[in-house]
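# Residue-level structural notes
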Amino acid sequence: MKRIITFGTYDLLHVGHIRLLKRAAALGDHLTVGISSDELNISKKGRGPVYTTAERLEIISALDCVDEVFVEHSLEAKGDYIKEHQADVLVMGDDWAGKFDMFNTLCDVVYLPRTEGISTTYLISSISDVGKKVAKAG
Ligand code: CTP
């Protein structure tokens, strides 16, 4: 059995997330997703997620291509998470290309291309623009 692990925030689930997770799952037999805690997200991205950690865990674990989820509390613990979950392959989006090569000693490291033109940050800003237009029209 080939075990895959990947990490991310997965706030405001969008098609880029789904495509990444489906492609990651297709590389093996079992997909584990480490979902960054609200606190880790604040330190990593400078803002808290819209959905709480518990909500993001519930949403991602409901996907057919995902077998297991857990909370990623620390970026520094990636190696420990890889060992704990006995991962054979670490999958990351290519926004992280080269940044996780040091885990090659624990497992294969694969970077998958991101989907163009969509991100949680973009969604937050477009929802906010729509909200402003609605407020103006009302
Ligand atoms: N991802 C992707 N294509 C996108 C957006 C994200 O393949 N258009 C992948 C990322 O590379 C990562 C995973 O989805 O492996 C989770 O990414 P995350 O950072 O949670 O999503 P983003 O939309 O990039 O969030 P943000 O805008 O907050 O950085």
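Quick summary incoming for the structure in this document. Please read all numbers here as calculations on a predicted model, not as lab measurements.

### Digging into the site of the ligand
Not every one of the 16 residues close to the ligand is listed here, only the nearest: K45, T115, I118, T120 and T121. Between an oxygen atom of the ligand and a side-chain N or O atom of H17, the distance comes to 2.9 Å. Take G93: an N or O atom from its main chain is 3.4 Å from an oxygen atom of the ligand. Burial of the ligand by the surrounding chains reaches 92%, relative to a free accessible area of 570 Å². Counting residues per element, the ones that place at least two in the shell around the ligand are α1 (15-25) and α5 (120-137). Here the residues of the shell around the ligand are counted per class, giving 3 nonpolar, 9 polar and 4 charged.

### Focus: the state of the cysteines
With the rule as written, the count across this model stands at 0 disulfides. No disulfide involves C65; its sulfur sits 19 Å from that of C107, the nearest cysteine. Residue classification places C107 among the buried residues on the basis of a relative accessible area of 5%.

### With respect to the pattern of salt bridges
Overall, the coordinates contain 4 salt bridges when judged by the stated rule. The closest approach of N and O atoms between R56 and D38, which form a salt bridge, is 2.7 Å. One end of the pair, R56, is in helix α3 (residues 53-61); the other, D38, is in helix α2 (residues 38-45), with 18 residues separating them in the sequence. Classification of R56 as buried rests on a relative accessible area of 0%. Here K78 makes a salt bridge to E72, at a shortest N to O gap of 2.8 Å. Note on K78: relative accessible area 3%, which makes it buried.

Conventions adopted
- Residues numbered from 1 in each chain as written.
- Predicted model: local features only at pLDDT ≥ 70, side-chain atom pairs only at ≥ 80, totals over all residues.
- Heavy atoms only, no water.
- Near = heavy atom within 4 Å.
- Polar contact = N/O pair within 3.5 Å; in protein donor to acceptor, adjacent residues only side chain to side chain.
- Areas by Shrake-Rupley, 256 points an atom, 1.4 Å probe, with all protein chains shown as cover.
- Helix = DSSP H or I, 4+ residues; strand = E, 2+ residues; numbered from the N terminus.
- Nonpolar A, V, L, I, M, F, W, Y, C, P; charged D, E, K, R; others polar.
- Disulfide = S-S within 2.5 Å.
- Buried < 20%, exposed > 50% of the residue type's maximum accessible area, 1.4 Å probe, protein only.
- Salt bridge = Lys/Arg side-chain N within 4 Å of Asp/Glu carboxyl O.

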